[in-house]
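Structural description and commentary
For reference, the chains in residue letters:
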Amino acid sequence: TTPAIEIDENQDIKFAQSIGVGQAASSTTGDIVAQTMALKGTTPTLTIGDAGAEDTKIVFDGNAKDFHIGLDDSADTLVIGDGSTLGTNPILTLTDDSVTIGDGAAVDTKIVYDGNAKDFYVGLDDSADKLVVGVGSTVGTNSILTLDDDSLTIGDAAAVDTKIVFDGNAQDYYIGLDDSADDLVIGLGSTVGTTPAIAIDEDQKVTMAKAV
């Protein structure tokens with residue numbers, strides 16, 4: 001006779017047929033199809049795989065798009081990616097002490113901070129080969145900081161003031177571009193153009209607000 005359930009000396013439980021919980025069971029023998037799973041105890045642990053030289057993964061089977069989390073065993077990396085095939089379209093790759101975003105494809109990659117009133121992003125503008133910090137969620141728009149090789153650019157050529165503010169306990173100072181005057185200004189406070197101490201114009205003329 002064929003047993004329905006077997007328990008061996010290692011307390012492993014084997015089912016002769018699939019088991020369905022709350023939905024139709026899979027036709028594949030031995031599959032367990034469940035809507036919920038709870039791990040209980042003082043040290044609840046879920047282990048996927050058996051240390052074999054093979055990839056293991058969890059696939060989220062969506063209606064229009066799938067995602068996966070898996071161990072790329074040959075590369076010794078944990079991968080979160082688009083689709084159901086491990087190693088294709090990776091979004092995040094974790095290995096040792098590093099996290100990699102993207103997969104070397106010719107596309108922008110980014111982290112978006114989705115705020116209530118305003119969003120910000122940190123991303124790679126792949127076409128320009130630049131790392132950008134900006135306002136919004138689209139890489140390359142409203143850039144605040146742009147890093148390229150050995151240079152750091154503040155602003156994006158828009159007709160607005162740009163500045164670095166030193167926020168002190170009793171007194172603030174700023175270094176900024178007064179865009180309307182085309183002057184580089186060092187001053188007191190946090191607003192460019194107010195209480196300037198030193199101003200440099202496009203003719204390299206230096207103006208001191210007080211005696212030196």
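All of the points below concern the structure found in this document.

Thresholds applied
Residues numbered from 1 in each chain as written. Predicted model: local features only at pLDDT ≥ 70, side-chain atom pairs only at ≥ 80, totals over all residues. Heavy atoms only, no water. Pairing = 2+ DSSP bridges. Helix = DSSP H or I, 4+ residues; strand = E, 2+ residues; numbered from the N terminus. Axes fitted to C-alpha atoms, helices over the stretch in contact; angles between N-to-C directions. Buried < 20%, exposed > 50% of the residue type's maximum accessible area, 1.4 Å probe, protein only. Contact = heavy atoms within 4.5 Å.

With respect to the sheet that holds strand β13 (residues 143–148)
Hydrogen bonds between backbone atoms are what pair the strands of a sheet, whose relative direction is either parallel or antiparallel. Taking strand neighbours across the sheet as the criterion, the five strands line up as β10-β11-β12-β13-β14 in an open arrangement whose pairing is antiparallel. At either end of the open sheet lies a strand with only one pairing partner, and these are β10 (109–113) and β14 (151–154). Adjacent strand axes in the sheet meet at a mean angle of 10°, parallel and antiparallel pairs treated alike. Bridge count for strand β12 (residues 130–135) against β13 is four bridges, and the pairing is antiparallel. Opposite V133, over in β13, you have L145 as the bridge partner.

Quick notes on the pairing of β12
Inspection of the sheet shows strand β11 (residues 120–125) paired to β12 by six bridges, in the antiparallel sense. Bridging across to β12, D125 finds its partner in K130. A loop of four residues connects β11 with β12, the two strands running antiparallel in sequence, and D129 in this loop sits at a positive phi of about 55°.

Some points on unusual backbone geometry
Positioned with a positive phi, D76 is a non-glycine residue whose angle comes to about 55°. Unlike most non-glycine residues, N142 shows phi in positive territory, near 50°. Position of N142 among the secondary structure elements: in the loop between β12 and β13.

Side note on the environment of L71
Here L71 lies in strand β6 (residues 67–72). For L71, a relative accessible area of 32% corresponds to the partly exposed category. Sequence-distant contacts of L71, defined by excluding residues within four places in its chain, comprise D55, T56, T77, L78 and L86.

Observations concerning the sheet that holds β6
In space, the five strands of this open sheet follow the order β5-β6-β7-β8-β9, with antiparallel pairing throughout. Sheet topology places β5 (56–60) and β9 (98–101) at the edges, where each strand pairs with a single neighbour. Sheet twist, expressed as the mean angle between neighbouring strand axes with direction ignored, is 10°. Summarising the sheet, β6 and strand β7 (residues 77–82) pair through six bridges and their orientation is antiparallel. In the sheet register, G70 faces β7, and the bridge partner there is V79.

Focus on the pairing of strand β17 (residues 183–188)
Residues of β17 alternate between two faces, with D183, V185 and G187 buried on one and L184, I186 and L188 left unburied on the opposite face. Connecting strand β16 (residues 173–178) to the next strand, β17, in antiparallel fashion are four residues, including D182 with a positive phi near 55°.

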